[in-house]
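Chain by chain, the residues:
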Amino acid sequence: MSDAVGPGDLVLCVNAAPNHVTGRPVPLQAGETYRVIAVMEFACPCGRSDALLDVGVDFAWCQTRFRLLPKPKAQARTRRVSAPKEKETIR
């Protein structure tokens, strides 16, 4: 996943279990989205991932806690064009 994830991407937290290295509770919330600040190419001590993600909460987290969300697609919007009103001249 580290190849696909980059700074600015949105990720979904799917695992808010206690920290698998220290056993302490994590401040992340399962089901919430976070914006990736940085991707650190560093093997997680758990051995399950090759990168840690910095999402601005505490320090960096194992990338196995997150799933990459698809980028939003641009949607075309129809704009109303104001045309001048024609006036009738009455003589």
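Residues numbered from 1 in each chain as written. Predicted model: local features only at pLDDT ≥ 70, side-chain atom pairs only at ≥ 80, totals over all residues. Heavy atoms only, no water.

## Points about the pattern of salt bridges
A side chain of one charge can pair with a side chain of the opposite charge when the charged atoms of the two come close.
And step 1. Counted by the stated rule, this structure contains 1 salt bridge.
And step 2. In this structure, Asp9 and Lys71 form a salt bridge, with 2.6 Å as the shortest nitrogen-oxygen distance. Taken as a pair, Asp9 in the segment before strand E1 (10-13) and Lys71 in the segment after strand E6 (66-68) lie far apart in primary sequence, 62 residues in all. (Salt bridge = Lys/Arg side-chain N within 4 Å of Asp/Glu carboxyl O. Helix = DSSP H or I, 4+ residues; strand = E, 2+ residues; numbered from the N terminus.)

## Examining the packing of aromatic side chains
And step 1. The full count for this structure, using the stated rule, is 1 aromatic pair.
And step 2. Each ring, one from Tyr34 and one from Phe66, has its centre 6.3 Å from the other, and the planes form 80°; the classification is edge-to-face. Taken together, the positions of Tyr34 in strand E2 (residues 33-35) and Phe66 in strand E6 put the pair 32 residues apart, joining distant regions of the chain. (Phe/Tyr/Trp six-rings, centres within 6.5 Å; stacked < 30°, edge-to-face > 60°.)

## Side note on the sheet that holds strand E3 (residues 38-40)
And step 1. Across the sheet, 3 strands lie side by side as E3-E4-E5; this open sheet has antiparallel pairing. Looking at which strands have only one partner, the edges of the open sheet turn out to be E3 and strand E5 (60-62). On average, adjacent strands in this sheet sit at an angle of 30° to one another, irrespective of strand direction.
And step 2. Two elements, E3 and strand E4 (residues 52-54), share 3 bridges in a ladder whose sense is antiparallel. (Pairing = 2+ DSSP bridges. Axes fitted to C-alpha atoms, helices over the stretch in contact; angles between N-to-C directions.)

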